[in-house]
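Structural characterization, general
Below are the chains, spelled out letter by letter.
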Amino acid sequence: SIMFRQILLVCFLAVSSNCKGEDVVPQIIPQCPLSVPGLTWEFKDGRDQAIMAIPTRDMCYLECLNTAGCAGATWQLNDIAEGICFLFKEIEEYQPCHFCESAKAPLPVNDVCNAPEDDVLDIQDVKNQLDCIDRCARKSGECQFYSYFGEESILPNKCMLFKSCEDVTNAEGCPDIHSGEIQCFMPPQCSDYKILDHFTRKDTFRQFHLCDTNDNIENIASPDWDEDGWYRVKGEAGSYIPEYEVPFQSCGTVHSGYLKDTHPVMYGETKNATVCFTDADEPCAFEKEIQ
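The structure displayed is predicted, hence computed values, not measured ones.

Another aspect to go through is the state of the cysteines. Taken as a whole and assessed by the stated rule, the structure comprises six disulfides. Each disulfide pairs two cysteine sulfurs, and for C64 the partner residue is C70, the sulfurs being separated by 2.1 Å. One disulfide, between C64 and C70, carries an S-S torsion of -105° and so falls in the left-handed class. For the pair C64 and C70, one class covers both residues: buried. Disulfide pairing is shown between C276 and C284; the S-S distance is 2.0 Å. Since a negative S-S torsion denotes a left-handed disulfide, the C276-C284 link at about -75° is left-handed. Exposure remark for C284: the relative accessible area of 25% places this residue in the partly exposed category.

A complete count under the given rule lists twelve salt bridges for this structure. The residue R47 makes a salt bridge to D48 at a minimum N-O spacing of 2.8 Å. Just as R47 is buried, D48 falls in that class too. A salt bridge links E287 to K260, with the nearest nitrogen and oxygen atoms 2.8 Å apart. Taken together, the residues E287 in strand β18 (residues 286–290) and K260 in the loop between β16 (257–259) and β17 (273–277) connect sequence positions 27 residues apart. The network of salt bridges with common partners includes R47, D48, E90 and E92.

Below, the discussion takes up the confidence of the model for the protein. When pLDDT is averaged across the protein, the result is 81; 85% of the residues are at 70 or more. At the low end of the mean pLDDT range in the protein sits helix α1 (residues 2–9), at 28; at the high end sits strand β3 (residues 49–51), at 96. Here residues 1–24 scores under 50 on pLDDT; set against residues more than four positions off or in separate chains, the count is 111 contacts.

Here we have three strands laid out as an open sheet, ordered β16-β17-β18, and antiparallel in their pairing. Here the strands that pair on one side only, and so sit at the sheet edges, are β16 and β18. On average, adjacent strands in this sheet sit at an angle of 30° to one another, irrespective of strand direction. With five bridges connecting them, β17 and β18 associate as antiparallel partners. Its bridge partner being in β18, A273 is matched across the sheet by I290.

Definitions and cut-offs
- Residues numbered from 1 in each chain as written.
- Predicted model: local features only at pLDDT ≥ 70, side-chain atom pairs only at ≥ 80, totals over all residues.
- Heavy atoms only, no water.
- Disulfide = S-S within 2.5 Å.
- Buried < 20%, exposed > 50% of the residue type's maximum accessible area, 1.4 Å probe, protein only.
- Salt bridge = Lys/Arg side-chain N within 4 Å of Asp/Glu carboxyl O.
- Helix = DSSP H or I, 4+ residues; strand = E, 2+ residues; numbered from the N terminus.
- pLDDT = per-residue confidence, 0-100.
- Contact = heavy atoms within 4.5 Å.
- Pairing = 2+ DSSP bridges.
- Axes fitted to C-alpha atoms, helices over the stretch in contact; angles between N-to-C directions.

What follows is the structure, given as C-alpha cells:
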C-alpha cells in the first residue's frame, strides 16, 4: 500500500521542468481500486463472452462474479446495445478501449474464511456480493479477504471482512456462500515508469539552465529526463509536483512549473491536470496539459 501511495502522488506524464516541493504531501484516500477506466484485455472468440444490453457497470461485474471461471470483466457504453459486458476467462496484456471500465474478479477461496478474532474486521449487511467486495476495498491495507452469504444461505446478505484467510471452514451443505481475495486494479503506469530524482528539481534550487527536452542539447537537457512518458518523482528531487506557485527561475530552470490543479485522491486514479509555468511578471505565463 505504501508503495502504491508514493507512486500515485506523482503518477503524472511529465512534460517540462516541474518543481518538486516537500511542504504538504497531497492526501490519498486509502481505497483499493477495483476498476480502471479506459483499459481492457484481448478478447478471444470461443474463450471469452460478450453479453448485450447490460445497462450498468455494476451489473456487468455481477455477471462476472456469477460466471464460473471469469477472471475479469469490461463494461462498455454502447448506444445501440445499451451496454456490452465482456467476460474474460484470461486477462492478458492491457489494451485501450473507449467509454469502458474494467475490473478483475476476486481470487476465489473455497468454503468460508476461518480467521482468528483479531483478523475479523467487521460483519456487515450488504445488498450483494459486489457490495461486500466494495466494503473490503474501502478498508485498503487492512481487508484482504471476504466471505459473502447470499440470499439462500444461512446468513442472508451478510458480509464478513478479514485481514487474512490462512484457514477455512468446510461449508459443504451450506449453499450460496462466496469467499475470495480482492484484487486491487492499479493502472500499468503505476508500476511501469521512469524516475525523476535529480537534486536540481527542488524548489530551493535557484540556478536555471536546465530543461526537460527531447532534443539532445549539451548542458541544457535535464540529466534525469528520458523523453515523454510516465514518471515517478523521488530521492533528491522530492516526492510530488507542488500544488502552489513556485518562484520564477527555480528548480533548475527558467520557467518553473507547478500543478494548477490537485493530485488524484484515490489509489489508481488517473487525472487530467494543468501545469502552470512562471515568468518574471506572470505566475502562470503559459500552461501545459498533463496526466
